Amino acid sequence: MSLTDETARRMAMLLHHRKATLAQGDPVIPPIVASATFHLPSVQSGGQFYGRNGNPTWDAVEVQLSILEDAEAVSFPSGMAAISAALFATLKAGDRLVIPSDGYYVTRVLSEGFLKPLGIGVQPLPTASYGTADFTGVAVVYLETPSNPGLDVVDIATVAARAKAAGATVIADNTTMTPLLQRPLDLGCDLVVAADTKAPAGHSDVLFGHVAGREPALMQRVRDWRRMSGAIPGPFEAFLTHRGIETLDVRLERMCASAAIIAERLAAHAAVRNVRYPGLPGDPSHWAVGRQMANGGFLIGFELDDAGAAEGFLARCPLVEQSTSFGGTHSAAERRARWGDAVAEGFIRLSVGVEPVDVLWQAIDTALTA
Ligand SMILES: *Cc1c(COP(=O)(O)O)cnc(C)c1O
């Protein structure tokens, strides 16, 4: 999947991040530290002191994430907890926020339902319009690329430069790509947020999230938000996420290579219309592949005739789980219009898993043709 040399080096480093700290007899794998309190005879010395402020198992994941992001990383119990932290750390009454009208819908609902009543102007904008939008007077430009579920893209470097010239803070939701495939901080964004629930943890058995950034004052606000709101990850969840991240590169390599093959075959299938996959040469997002995205990713959008055809396909295909969310080892798909996304009734978002690709395609083809 053509990692840059630098990203490959980071992946190898994170697999051995504990080595330099280990003494004879220490566990190689980070222990699950299930303690709310820590021995504290004096408040002067360093170290852990209370479970809402810090926990050694979070520290282990945060070291992995900070190696991947090349930035300070703060972990959260879900992607939405991370997104909330980034928004509450950067916005105040009277500010204007630009968010994608076609991105992850809970971000929009959070903004409309909780930020707007606090006096923040919320301006939804289609992802495809970020490139030409006027950001004058905007405090925070929040972008998601490729957007979930439409897979439209933002030219991150250009939009970040224009937003920052207008005085805005730029936050990027990098969930659909992960820091291995796309690097918004390198392209000028101030903060990255992500749902590590998806590909990084990768086994659909834990929710997790993080915020990363390179500006210490901004990251201190994010850290303070976690401590004061109490939105803290559990140590067991941190352990599972740490374990998942160790194989992120290997899983992504399979998932993205399979997605490229399946997208091509879907595009040639008589029952399928309007395939969206940034890796396909004709796709409106294709220009970004090789420029800001290492490859086309593992998400594919496509349309069947109508809701019935889509539901029938999903029910028939034995190798595609019918579930929401994406990025897990099992291929999974759903009809997004059931959530009210602005997509065709027969639109399916498919997250390609690690199944051997020819077996997976056989199952998809059979279920499409039945
Ligand atoms: C899933 C997702 C989130 C939210 O993550 P949770 O862990 O479910 O809270 C945020 N943004 C995007 C793009 C997502 O796909």
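Residues numbered from 1 in each chain as written. Predicted model: local features only at pLDDT ≥ 70, side-chain atom pairs only at ≥ 80, totals over all residues. Heavy atoms only, no water.

## Some points on the site of the ligand
Taken together, the neighbourhood of the ligand is formed by 14 residues, with Gly79, Met80, Asp173, Thr197 and Lys198 sitting nearest. Contact between the ligand and asparagine 148: an oxygen atom at 3.3 Å from a side-chain N or O atom of the residue. Aspartate 173 is positioned with one of its side-chain polar atoms (N or O) 2.7 Å from a nitrogen atom of the ligand. The protein chains hide 94% of the 380 Å² of surface that the ligand would expose on its own. The element that contributes the greatest number of residues to the shell around the ligand is helix 3 (residues 79-90), accounting for 3 residues. Looking at the shell around the ligand residue by residue, the classes come out as 6 nonpolar, 5 polar and 3 charged. (Near = heavy atom within 4 Å. Polar contact = N/O pair within 3.5 Å; in protein donor to acceptor, adjacent residues only side chain to side chain. Areas by Shrake-Rupley, 256 points an atom, 1.4 Å probe, with all protein chains shown as cover. Helix = DSSP H or I, 4+ residues; strand = E, 2+ residues; numbered from the N terminus. Nonpolar A, V, L, I, M, F, W, Y, C, P; charged D, E, K, R; others polar.)

## Thoughts on the side chain of threonine 127
As for its position among the elements, threonine 127 is in the loop between strand 3 (121-125) and strand 4 (140-144). Setting aside anything within four residues of it in sequence, one finds threonine 127 in contact with Pro100, Asp102, Glu144, Ser147, Asp152, Val153 and Val154. (Contact = heavy atoms within 4.5 Å.)

## Things to note about helix 2 (residues 56-69)
The end-to-end C-alpha distance of helix 2 is 20 Å, a good match for the 20 Å that 14 residues give at a rise of 1.5 Å each. Most of helix 2 is tucked away, with 10 of its 14 residues classed as buried. Listing the buried residues of helix 2 in full gives Thr57, Trp58, Ala60, Val61, Glu62, Gln64, Leu65, Ile67, Leu68 and Glu69. The opening residue of helix 2 is asparagine 55, an N-cap whose side-chain oxygen sits 2.6 Å from the backbone nitrogen of threonine 57. Phi turns positive one or two residues past the end of helix 2, at aspartate 70, with a value near 55°. (Expected span 1.5 Å × (residues − 1). Buried < 20%, exposed > 50% of the residue type's maximum accessible area, 1.4 Å probe, protein only.)

## A word on the sheet that holds strand 8 (residues 273-276)
Ordered in space as 8-9-12-11-10, the 5 strands form an open sheet in which the pairing is mixed. Of all strands in the sheet, those with a lone pairing partner are strand 8 and strand 10 (321-322), marking the two edges. Note: strand 11 (residues 332-335) against strand 12 (residues 347-351), 4 bridges, orientation antiparallel. Its bridge partner being in strand 12, alanine 332 is matched across the sheet by serine 351. Running at roughly 10° to strand 9 (residues 299-303), helix 9 (residues 248-267) makes contact with strand 8, strand 9 and strand 12 of the sheet. Contacts from helix 10 (residues 307-316) reach strand 9, strand 10, strand 11 and strand 12, with the element oriented near 160° to strand 11. (Pairing = 2+ DSSP bridges. Axes fitted to C-alpha atoms, helices over the stretch in contact; angles between N-to-C directions.)

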